[in-house]
Amino acid sequence: QVQLTESGGGLVQPGDSLRLSCVASESIFSPNTFGWYRQAPGKERELVATITSGGSTNYADSVKGRFTISRDNTKNMVYLQMNSLKPEDAAVYYCHLHELVAGELDYEYWGQGTQVTVSS
């Protein structure tokens, strides 16, 4: 059972940057996809970005050109570099992992979330 732990959230002003990190408690089976989701108060959880074990990335239109997702397989980690933050980016950000175990079983894991607040 993989555990995901996020860190790096905080309070920033519009235009500032943050780098979120997520570490998995153990080695991850391949193939897999890491993702970042976010949920603002009263809103549905939405996909922000994904990165596959092969390195393919996908971004929500609202963050394209500002956010970058990356991973370090040697550390079992995924990152989200957030630049030019806007008030609408404020949310709890969740790390997500979808892995295929032994080539047959699909598993999904969620982190506990890290708060990002963007306010002047």
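Structure first, text after, so check above.
About the thresholds
- Residues numbered from 1 in each chain as written.
- Predicted model: local features only at pLDDT ≥ 70, side-chain atom pairs only at ≥ 80, totals over all residues.
- Heavy atoms only, no water.
- Disulfide = S-S within 2.5 Å.
- Helix = DSSP H or I, 4+ residues; strand = E, 2+ residues; numbered from the N terminus.
- Buried < 20%, exposed > 50% of the residue type's maximum accessible area, 1.4 Å probe, protein only.
- Core = buried A, V, L, I, M, F, W, Y, C linked by side-chain atoms within 4.5 Å.

In total, this model carries one disulfide according to the counting rule given. Note on cysteine connectivity: C22 is disulfide-linked to C95, with sulfurs 2.1 Å apart. Between C22 and C95, the S-S dihedral sits near -85°, and the bridge is therefore left-handed. Of this pair, C22 sits in strand β3 (residues 18-24) while C95 sits in strand β9 (residues 91-101), placing them 73 residues apart in sequence. Classification of C95 as buried rests on a relative accessible area of 0%.

Formed by 28 residues in total, the largest nonpolar core has its most connected members in L4, W36, L80, M82 and Y93. Within the residue set of this core, elements represented by two or more residues are β3, β4 (32-39), β5 (46-52), β7 (67-72), β8 (77-82), β9 and β11 (114-118).

In short, the description is geometric, and any link to function would need to be established separately.
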